[in-house]
Amino acid sequence: MAGNATIPGTGLIVVDMQVDFVTGSLAVPGATELLGPVNEIIGLPFAYRVASKDFHPPGHISFATTHGKPLFETITIYPPEDLVAQTGGDVGTIGERGLGQTLWPDHCVQGTQGAEIIPGLNVDDTFDIVLKGMHPGVECYSAFKDPWHLLRTDLEDNLHRHEVKDVYLVGVAGDYCVKFTAIDAAKAGFNTFVVIDGVRSVSPGGKEYEEMKAAGVGIIDLVELKKRMQVA
């Protein structure tokens with residue numbers, strides 16, 4: 001960080017830079033290349049910094065082992081009845097709210113090394129940490145909320161509490177958790193930017209960036225970020 005000066009209204013979200021997503025059971029291609037660029041970005045004078053973590057219980061609904069099915073098969077999952085009832089929803093419509101779910105290797109299990117932030121990443125005690133995917137029956141790619149809006153994290157409240165207006169995102173995976181977090185940030189009214197130098201995706205092609213642009217997310221590089229952070 002450049003001295004003690006920060007740029008008011010700026011916030012950085014470091015998405016899921018965890019062992020299992022970088023070198024472990026669900027390693028994203030090229031993710032090992034991100035340590036240097038993301039540390040450089042972390043060092044810029046953001047007023048607020050937060051890191052998200054997948055933090056699944058054993059037997060999570062996204063694990064192929066939970067269902068005894070092949071890796072990367074797609075199944076349909078439904079909102080858990082208990083959560084729908086707790087949030088005042090209509091349990092009678094659960095069958096109409098199915099979503100496709102890719103079945104992944106077990107990853108980022110609570111209490112395992114795979115759930116930890118990668119060694120060498122400068123995520124220190126100045127960061128807030130947002131945990132997601134903790135309910136066994138709910139997948140949660142976005143660091144804001146699950147796709148059924150049954151479980152919300154503290155992320156949006158924290159951004160508002162720190163008076164953040166401009167949100168910048170880095171991390172993995174670009175086509176999953178980065179994308180859904182960025183889109184939710186834009187929907188929540190934040191000026192939202194994904195810094196491509198600090199992102200890697202599961203699939204090639206870059207389709208996720210077009211989807212984010214269509215949702216109002218800006219796609220920038222590190223050069224542009226430094227200009228915006230007044231350190232170019």
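For the structure, check the block above.
In this text the structure is predicted, and so the values were computed from the model without any measurement.

Q: Where do I start with unusual backbone geometry in this structure?
A: Trans is the common state for peptide bonds, and a negative phi is the common state for residues other than glycine. A cis geometry characterises the amide bond from V172 onward to A173, with omega recorded as -15°. Of note, A173 is situated in the loop between β6 (166-172) and α6 (177-187). Phi is positive for H149, close to 60°, though the residue is something other than glycine. Within the element layout of this structure, H149 appears in the loop between β5 (128-132) and α5 (155-161). H149 sits in the partly exposed class, given a relative accessible area of 44%. Even without being glycine, Q230 reaches a positive phi, approximately 60°. Tracing the backbone through its elements, the reader meets Q230 in the segment after α8 (222-228).

Q: Honestly, the nonpolar core in this entry has me stumped. Any pointers?
A: In summary, soluble globular proteins display a tendency toward joint burial of nonpolar side chains. Counting residues in each nonpolar core, the largest one holds 61 residues, and the members touching the most others are V14, M17, L121, Y168, V194 and L225. When residues in this core are grouped by element, the largest group, six residues, is from α6. Those residues in contact with V14, other than ones at most four positions away along the chain, are V38, I42, V50, A51, S52, L121, F127 and V170. Among the nonpolar cores identified, the runner-up in size contains 11 residues, and I75, L83, L103 and V138 belong to it.

Q: Looking at this structure, I do not really get the packing of α6 against helix α7 (residues 207-214). What am I missing?
A: Between two packed helices, both the angle of their axes relative to each other and the distance between the axes serve to describe the pair. Contact geometry for α6 and α7: axes closest at 10 Å, N-to-C directions at 5°. With respect to α7, the axis of α6 lies roughly parallel. When α6 is examined against α7, the residues V178, K179, A182 and I183 are found in contact with a partner set consisting of E208, E211 and M212. The residue inventory of the contact of α6 with α7, partitioned by class, reads four nonpolar, no polar and three charged.

Q: I keep staring at the pattern of salt bridges and nothing clicks. Help me out?
A: Tallying each qualifying case throughout the model produces 11 salt bridges. For the salt bridge of K69 with E73, the shortest nitrogen-to-oxygen distance reads 3.9 Å. A relative accessible area of 38% places K69 in the partly exposed class. Assessed through its relative accessible area of 29%, E73 is described here as partly exposed. Taken together, the shared-partner salt bridges in this structure form one network comprising D16, D54 and K132.

Q: What's the story with the environment of G218 in this structure? I'm lost.
A: Here G218 shows up in strand β8 (residues 218-220). Expressed as a C-alpha distance, the spacing of G218 and V194, which sit 24 residues apart in the sequence, is 6.3 Å. In this view, G218 contacts T192, F193 and V194; residues no more than four positions away in its chain are not counted.

Q: Mind showing me how you'd approach the environment of N122 here?
A: Structurally, N122 can be placed in the loop between β4 (99-102) and β5. Classification of N122 as partly exposed rests on a relative accessible area of 43%. Along the chain, N122 and I42 lie 80 residues apart, while their C-alpha atoms are 7.1 Å from each other. Apart from residues lying up to four places away in sequence, N122 is in contact with N39, I42 and F127.

Q: Sorry, what's going on with empty space enclosed by the protein here?
A: Over the atoms rolls a probe the size of a water molecule, and its path tells where empty space is left. All told, the structure shown has one cavity of 30 Å³ or more when counted by the stated rule. Computed from the structure, the largest cavity encloses a volume of approximately 130 Å³. As for the largest cavity, its lining consists of 14 residues, of which F21, L26, A173, Y176 and C177 are closest to the centre. Its residues placed into classes, the lining of the largest cavity shows 10 nonpolar, one polar and three charged.

Q: Mind showing me how you'd approach helix α2 (residues 35-42) here?
A: Along an α-helix, residues three or four apart share an orientation, since each turn contains 3.6 residues. Where α2 is concerned, the buried positions are V38, N39, I41 and I42. The buried residues of α2 occupy an angular sector of 160° when the element is viewed end-on, so they sit on one face. Close packing links the buried residues of α2 with β1 (7-15), β2 (46-54), β6, β7 (191-200) and α8.

Q: Would you explain the sheet that holds β6 in this entry?
A: Strand pairing in a sheet takes place through backbone hydrogen bonds and is either antiparallel or parallel in direction. Reading across from one edge, β5-β2-β1-β6-β7-β8 is the order of the six strands in this open sheet, with parallel pairing throughout. In this open sheet, the two edge strands, each paired with only one partner strand, are β5 and β8. Neighbouring strand axes in the sheet, compared pairwise and without regard to direction, differ in orientation by 25° on average. Note: β1 against β6, six bridges, orientation parallel. Residue V14 lies in a different strand from β6, and its bridge partner there is V170. Strands in contact with α6 are β1, β5, β6 and β7; relative to β6, the strand with the most contacts, it is inclined by about 170°.

Cut-offs used in this document
Note that residues are indexed from 1 along each chain, following the sequence as it is written. Given that this is a predicted model, residues contribute local features only at a pLDDT of at least 70 and side-chain atom pairs are listed and counted only at 80 or more, while totals for whole chains, interfaces and linings are drawn from all residues. The basis for every side-chain value is the complete set of non-hydrogen atoms in the structure, without hydrogens or water. Note on conventions: DSSP H or I runs of at least 4 residues are helices, E runs of at least 2 residues are strands, and numbering of each starts at the N terminus. Note on classification: 1.4 Å probe, protein chains only; a residue is buried when its accessible area is under 20% of the maximum for its type, exposed when over 50%, partly exposed between these limits. The definition of a nonpolar core used throughout is a set of buried Ala, Val, Leu, Ile, Met, Phe, Trp, Tyr and Cys residues joined through side-chain atoms within 4.5 Å. Contacts were defined at the residue level, with two residues in contact if any of their heavy atoms lie within 4.5 Å. Axis lines are fitted through C-alpha atoms, for helices just across the contact stretch, and the angle between N-to-C directions can take any value from 0 to 180 degrees. To sort the angles, those under 35 degrees are grouped as roughly parallel, those over 145 as roughly antiparallel, those from 65 to 115 as roughly perpendicular, and the leftovers as oblique. In the scheme used here, Gly and all other residues not listed as nonpolar or charged are polar, with Ala, Val, Leu, Ile, Met, Phe, Trp, Tyr, Cys and Pro taken as nonpolar and Asp, Glu, Lys and Arg as charged. A side-chain nitrogen of Lys or Arg and a carboxyl oxygen of Asp or Glu constitute a salt bridge if their distance falls within 4 Å. Here a cavity denotes grid points, spaced 1 Å and computed from the protein atoms alone, that fit a 1.4 Å probe unable to get out, and a pocket denotes an open set having protein on both sides within 12 Å along at least 5 of 7 lines; residues with an atom within 4 Å of a point are the lining. Grid points are joined across faces, edges and corners, and a volume is the space filled by probe spheres set on the points. Think of it as the arc spanned by the lines of direction from the helix axis to the C-beta atoms. Two strands pair under a simple rule: DSSP has to find at least two bridges between them.

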